[in-house]
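Structure assessment
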Amino acid sequence: FASVNYRLVPAATVEQQAQDVAQALEFLITRAESLGLDGSRVVLMGHSAGAHLSALVGTDMQYLKKAGLGPRSLRGVIPLDGACYDVPRQIAEGGEFMHDTYLQAFGTEKGRQLALSPTHLAAVPNAPAFLILHVQRIDGTAQSRALGEALQKAGTPAEVRGFEGTGLKGHAEINRRLGAPAYPATPVVDAWLKRMFAK
């Protein structure tokens, strides 16, 4: 397991954040042996804004390409409870709570919003597989399902699984508790990773 970071808005753009994630992958993969990692068995996982960035890097190959990588550099992507896979839809439907934050990150220009929307970028090539997890938030559920459907339509294997938890508490809990044996998402992720790494 490696935890990577990225620069934050407004000091960096979302495009730069996605490139930070891709460069971190390149760093880990090219140094895998010295770090004690298996560079051929890598899955990208992110929560909330990190879920969006993980999905973006897994669907828009420009970021991996600029880092000297490609879609097969990953075994898969696990976005955790994101709600902005379709940026224009989230800005329109997501309510007032995060509205200004989304506009700060993604701007008001529709073309840029679409270029940063994994749901609209789901045509192949993509990372080989996606496991999209969400709790019971209306926007997160709708966005997760739509991303899964877009990936499946493009021929990319994608599973969408919902878990208990509502509101900000549930949103934080999936990030905090994932990995604990008693948390329901843990065996789902473990089984999926086992399948991906067996290939």
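One numbering rule holds for all chains: residues counted from 1, following each sequence as written. This being a predicted model, a pLDDT of at least 70 is required before a residue's local features are given, and a value of 80 or more before pairs of side-chain atoms are given or counted; all residues contribute to the totals for chains, interfaces and linings. The basis for every side-chain value is the complete set of non-hydrogen atoms in the structure, without hydrogens or water.

Now for the overall build of the protein chain. Secondary structure elements follow DSSP: runs of H or I of four or more residues count as helices, runs of E of two or more count as strands, with numbering from the N terminus. A count of helical and extended segments in the protein chain gives ten helices and four strands. Reading the helices (α) and strands (β) of the protein chain from amino to carboxyl end gives α-α-β-α-α-β-α-α-α-β-α-β-α-α. As defined in this context, the radius of gyration uses C-alpha atoms, and a globule is described by 2.2 Å times the residue total to the power 0.38. Relative to its length of 199 residues, the protein chain is compact, with a C-alpha radius of gyration of 16 Å against a globular reference of 16 Å. In terms of overall dimensions, the protein chain has a C-alpha envelope of 45 × 40 × 30 Å along the principal axes. Throughout, exposure labels follow a simple rule: accessible area from a 1.4 Å probe, protein chains only, divided by the maximum for the residue type, with under 20% read as buried, over 50% as exposed, and the rest as partly exposed. In the protein chain, which comprises 199 residues, the proportion classed as buried is 49%. Put simply, of all contacts in the protein chain between residues at least 6 apart along the chain, 74% involve residues at least 24 apart. For the protein chain, the separation between the mean place of its 20 positive charges and that of its 18 negative charges on side chains is 6 Å. Whether two residues are in contact is decided by their heavy atoms: any pair within 4.5 Å suffices. Note on charges: Lys and Arg go in the positive column, Asp and Glu in the negative column, and His and the chain ends are not counted at all. Where a charge lies is defined by one atom per residue type: Lys uses NZ, Arg uses CZ, Asp uses CG and Glu uses CD.

Another aspect to go through is the side chain of Q17. Its place among the elements puts Q17 in helix α1 (residues 14-30). Once residues within four sequence positions are removed from consideration, Q17 is found in contact with Y6, R7, L8, V9 and L53.

With that settled, consider the sheet that holds strand β2 (residues 76-80). Note on pairing: two strands pair once DSSP finds at least 2 bridges between them. As summarised here, the arrangement of the four strands in space is β1-β2-β3-β4, forming an open sheet in which the pairing is parallel. A strand with exactly one partner marks an edge of an open sheet, and here the two such strands are β1 (43-47) and β4 (158-162). Direction aside, the axes of adjacent strands within the sheet are offset by 10 degrees on average. In terms of strand pairing, strand β3 (residues 130-134) meets β4 through five bridges, oriented parallel. Helix axes are fitted to C-alpha atoms over the stretch in contact, other axes to C-alpha atoms as well, and angles between N-to-C directions run from 0 to 180 degrees.

A separate point is the nonpolar core. Core analysis: the biggest nonpolar cluster contains 35 residues, and L25, V57, L64, L74 and F106 have the highest contact counts within it. Sequence-distant contacts of L74, that is, excluding residues within four places in its chain, are made with L25, V42, L44, L64, A127 and P128. Buried Ala, Val, Leu, Ile, Met, Phe, Trp, Tyr and Cys residues form a nonpolar core when they are joined through side-chain atoms within 4.5 Å. Counting 14 residues, the second-largest nonpolar core is a separate cluster that includes V135, I174, W192 and M196.

Counting buried positions along β3 gives five out of five residues, so the element sits mostly inside the fold. Side chains F130, I132 and H134 project from β3 onto one buried face, and the interleaved L131 and L133 project onto a second face that is buried too. Here two bridges tie β2 to β3, and the two strands are oriented parallel to one another. Looking across to β3, one finds that L80 is bridged to L133. A crossover links β3 with its parallel partner β4, the connecting element being helix α8 (residues 138-154), and its sense is right-handed. When the strands point away from the viewer, a crossover counts as right-handed if the route from the first strand across the helix to the second turns clockwise.

Mapped onto the secondary structure, D20 falls in helix α1. Under the relative-accessibility criterion, D20 is labelled buried at 17%. Ignoring sequence-local partners within four residues, the contact set of D20 consists of N5, Y6 and R7.

Moving on, we get to the pattern of salt bridges. Just to be clear on terms, a salt bridge is a Lys or Arg side-chain nitrogen sitting within 4 Å of an Asp or Glu carboxyl oxygen. As enumerated under the stated definition, the model contains eight salt bridges in all. For R89, the salt bridge identified is with E93, shortest N-O distance 3.0 Å. Residue R89 and its partner E93 are both found in helix α5 (residues 87-93); the two are separated by four residues, about one turn of the helix. Overall, the relative accessible area of 30% leaves R89 in the partly exposed class. Residue D139 pairs with R137 through a salt bridge whose shortest N-O separation is 3.9 Å.

Moving on: α8. Relative to the 24 Å expected for 17 residues at 1.5 Å per residue, α8 spans 25 Å between its end C-alpha atoms, a close match to the ideal helical length. For α8, the set of buried residues is D139, G140, T141, Q143, S144, A146, L147, G148 and L151. Check the buried side of α8 and you find it contacts α3 (49-59), α5, β3 and β4. Looking one or two residues past α8, G155 carries a phi angle of roughly 95 degrees, positive in sign. The span expected for a helix works out to 1.5 Å for each residue beyond the first.

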